[in-house]
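Architecture at a glance
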Amino acid sequence: MNRRINIYEEASRCLLCQDAPCTKACKTGDPARAIRAIRFDNHKPALRWVKDCSDADLERAEQACIHYNWPIRIKEMLRSIHPDDVDDSHYPDLTIDFCGIRCENPFFLASSAVCTNYEMVARAFEAGWAGVFYKTICLQEIKEVSPRFDAMHNNATHGDFYGFRNMEQLSENPVEEDFKILHQLKQNYPTKVVVASIMGQTEEEWVRLAKMAEEAGCDAVELNFSCPQMKHKGMGSDVGQSPELVKTYTACVKQSVKIPVIPKMTPNITHIAEPAAACVEVGADAISAINTIKSVTMTFDSEVSGQRTISGYSGRAVKPIALRHILELAQMQTLNSKLSTLNFQLSGIGGIEMWRDALEFIQLGCSNVQVCTAVMQYGYRIIDDLILGLQRYMVKRGVSELKALVGERLEKFLNPDHLDRDTIIYPKFDKEQCIGCGRCEVSCSDGGHQAIVFDHETRRPRLVGTKCVGCHLCRLVCPTGAIGITKRIEKKKRM
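Analysis parameters
Residues numbered from 1 in each chain as written. Predicted model: local features only at pLDDT ≥ 70, side-chain atom pairs only at ≥ 80, totals over all residues. Heavy atoms only, no water. Helix = DSSP H or I, 4+ residues; strand = E, 2+ residues; numbered from the N terminus. Buried < 20%, exposed > 50% of the residue type's maximum accessible area, 1.4 Å probe, protein only. Contact = heavy atoms within 4.5 Å. Polar contact = N/O pair within 3.5 Å; in protein donor to acceptor, adjacent residues only side chain to side chain. 1 Å grid on protein atoms, 1.4 Å probe; cavity = no way out; pocket = protein on both sides within 12 Å on 5 of 7 lines; lining within 4 Å. Points joined across faces, edges and corners; volume = space filled by probe spheres on them. Nonpolar A, V, L, I, M, F, W, Y, C, P; charged D, E, K, R; others polar. Patch = residues over 30% accessible without salt bridge, like charges linked within 9 Å, V, L, I, M, F, W, Y side chains within 5 Å. Areas by Shrake-Rupley, 256 points an atom, 1.4 Å probe, with all protein chains shown as cover. Salt bridge = Lys/Arg side-chain N within 4 Å of Asp/Glu carboxyl O. Phe/Tyr/Trp six-rings, centres within 6.5 Å; stacked < 30°, edge-to-face > 60°. Lys NZ or Arg CZ within 6 Å of the ring centre and 35° of its normal. Pairing = 2+ DSSP bridges. Axes fitted to C-alpha atoms, helices over the stretch in contact; angles between N-to-C directions.

The next subject is the environment of Y8. Looking at where Y8 falls in the secondary structure, it is placed in helix α1 (residues 7-13). The class of Y8 is partly exposed, set by a relative accessible area of 35%. Those residues within four positions of Y8 in sequence are excluded, and the remaining contacts are I38, D41 and H43. Among the polar contacts made by the side chain of Y8, one reaches the side chain of D41 at a distance of 3.5 Å.

Shown next, in the form of structure tokens:
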């Protein structure tokens, strides 16, 4: 059997080393950068970093790989990629307007551990991030616990997690120090966007912090109504669940400063649009969503002196939930007559790791996206592939301005009772790609409609059309991508 390498599977094994030994050994190219491009969904542009490499160069790179198990098959992986069919000489820029502020691209650091001091944010700006929602500033003393992070891995794997839990609260720096940092950032990086995230406990505190942000030269202020693990009463997500409180605090801040005001919503609520609408009614310029989701993990290593607590969950596992909230916020204007004449924008947060993730938020109405967990996992360097992937996508689509993509998929979403229930799409089996594992039959038999028969001698599945309901569970469990789709057709009438 001719076994073809799965480049994404192979790239996912890469440790994404700092000062990568493979690149140091190669000398004529940068295989580590090429592998990172594949890992973050830019496999065709990856070849630009190894275009001058000979097979011997790539073999030396492979021999230098320090993977704990077996070396990444660098040469085989890169040689299996076809040349890029997109001209990279005319990539569009990603400038976009957000709250009247020109942003060089839509990618911002989310208020979190990834932006807690000047040096960190400066490195992010140098790397290419357009802006920062600086870690939330408050007037209360903040003392953090140890450890305060936990992660969800597949089995016993390390390093690559799909979900992340944190018990971190707000900035531990003195208030004056944080605003001095923000002032210095804006002075030294005038083309970057600096947003102060703040959290008060009373109207007076909200106003005081907002004014300090404006005086520091910040471009905007984010109101954190959503931190899920505050130890102080009257702060965080408890406030964010009350339309009356967020409306009051948003109004007093809006009246006290001239810079844009951006409330940040909690997902720990049934109807996120209710507090968000209350904020918009009193002048909020944009809405940030979502903050982390209240959660519990049970690993012993994450206990604090033998104790546990509910805290925030993030990472790529939460993206579908975040998108659901963004959809509801984007639809808010058409469903709420009070908001029909008001203009506000959306900043999307939640599980953004690759450029396609960011694109999905943009297509649902976000002019701006914020990233946290992916930066904690892979570093500021992921901005390279976020920008590259989005630019290349725009070229393929023939789109010259990013704003043209904002909200373009909203019309695709209907209520369940309006969806087409009179047609069907059957799965299609590719015999060349099928390796005969039988996973499709197992899942269809035990979790579907018993519409697949598996021939144990030839090790090939066969679809029973009279039983198939077009659910596509088989396609989703196939490990080789051997199951595709056919054309949509009318369902046969039941006799």
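The rest of the description comes next.
We now examine the layout of surface pockets. Of the pockets and cavities examined, the second largest pocket occupies roughly 480 Å³. Forming the walls of the second largest pocket are 18 residues, and the residues nearest its centre are S12, R13, C14, H158 and D160. Tallying contributions element by element places α1 first for the lining of the second largest pocket, with 3 residues. A class-by-class count of the residues in the lining of the second largest pocket yields 5 nonpolar, 7 polar and 6 charged.

Checked against the element boundaries, H325 lands in helix α12 (residues 319-335). Not counting the four nearest positions on each side in its chain, H325 is found in contact with P267, I269, I272 and I290.

Right, let's get into a nonpolar patch on the surface. Taken together, the side chains of L15, I66 and Y68 make up a nonpolar region of the molecular surface, amounting to roughly 360 Å² of accessible area. With respect to the secondary-structure elements, I66 resides in the loop between α4 (55-64) and α5 (74-79).

Here we take up the environment of L364. Within the secondary structure, L364 sits in the loop between α13 (355-363) and β14 (366-371). For the pair formed by L364 and E408, sequence separation is 44 residues and the distance between their alpha carbons is 6.7 Å. Not counting residues up to four positions away in its chain, the partners in contact with L364 are L323, I326, L327, A330, G407, R409, L410 and F413.

Across the junction of A289 and I290, the peptide omega takes the value 10°, indicating a cis bond. Relative to the elements of secondary structure, I290 occurs in the loop between β10 (286-289) and β11 (293-295).

Within this structure, the stated rule accounts for 8 aromatic pairs. Consider the rings of F125 and Y189, whose centres lie 5.4 Å apart with planes at 65°: the pair is edge-to-face. Of the two residues, F125 sits in helix α6 (residues 118-127) while Y189 sits in the loop between α7 (175-188) and β7 (193-198), which places them 64 residues apart along the sequence. Considered together, F125 and Y189 belong to a single accessibility category, that of buried residues. Each residue in the set F149, F161 and F164 is aromatic and connected to the rest through ring pairs, giving one cluster. Sitting above the plane of the F40 ring, R39 keeps its charged end 4.9 Å from the centroid.

Inspection of every chain in the model, using the stated rule, returns 28 salt bridges. Of the charged contacts in the structure, one is a salt bridge between R39 and E353, with a shortest N-O distance of 3.3 Å. Here the residue R39 occupies a position in helix α3 (residues 31-39), and E353 occupies one in the loop between β13 (345-349) and α13, the gap between them amounting to 314 residues. Residues R39 and E353 agree in their burial class; the two are buried.

This part is about empty space enclosed by the protein. Enumeration over the complete set of coordinates arrives at 2 cavities of 30 Å³ or more. Its volume calculated, the largest cavity comes out at about 490 Å³. Going through the elements one at a time, β4 (131-137), β6 (163-166), β12 (311-314), β14 and α14 (373-378) are the ones with two or more residues in the lining of the largest cavity. Ranked by residue count, the leading element in the lining of the largest cavity is α14, at 4 residues. When grouped by side-chain class, the residues that make up the lining of the largest cavity number 16 nonpolar, 16 polar and 5 charged. As a volume, the second largest cavity reaches approximately 90 Å³. Along its surface, the second largest cavity is lined by 13 residues, and C444, A451, C468, C471 and C474 are the ones closest to its centre. Grouping the constituent residues of the lining of the second largest cavity by class yields 10 nonpolar, 3 polar and no charged.

The next point concerns the sheet that holds β6. Pairing between the strands of a sheet is mediated by backbone hydrogen bonds and can be parallel or antiparallel. Ordered by their spatial adjacency, 4 strands build an open sheet running β5-β6-β12-β11, and the pairing between neighbours is antiparallel. Of all the strands in the sheet, the pair left with one neighbour each is β5 (149-152) and β11. The sheet shows a mean angle of 35° between the axes of neighbouring strands, direction not considered. Bridge count between β11 and β12: 3 bridges; the pairing is antiparallel. Bridging across to β12, I293 finds its partner in Y313.

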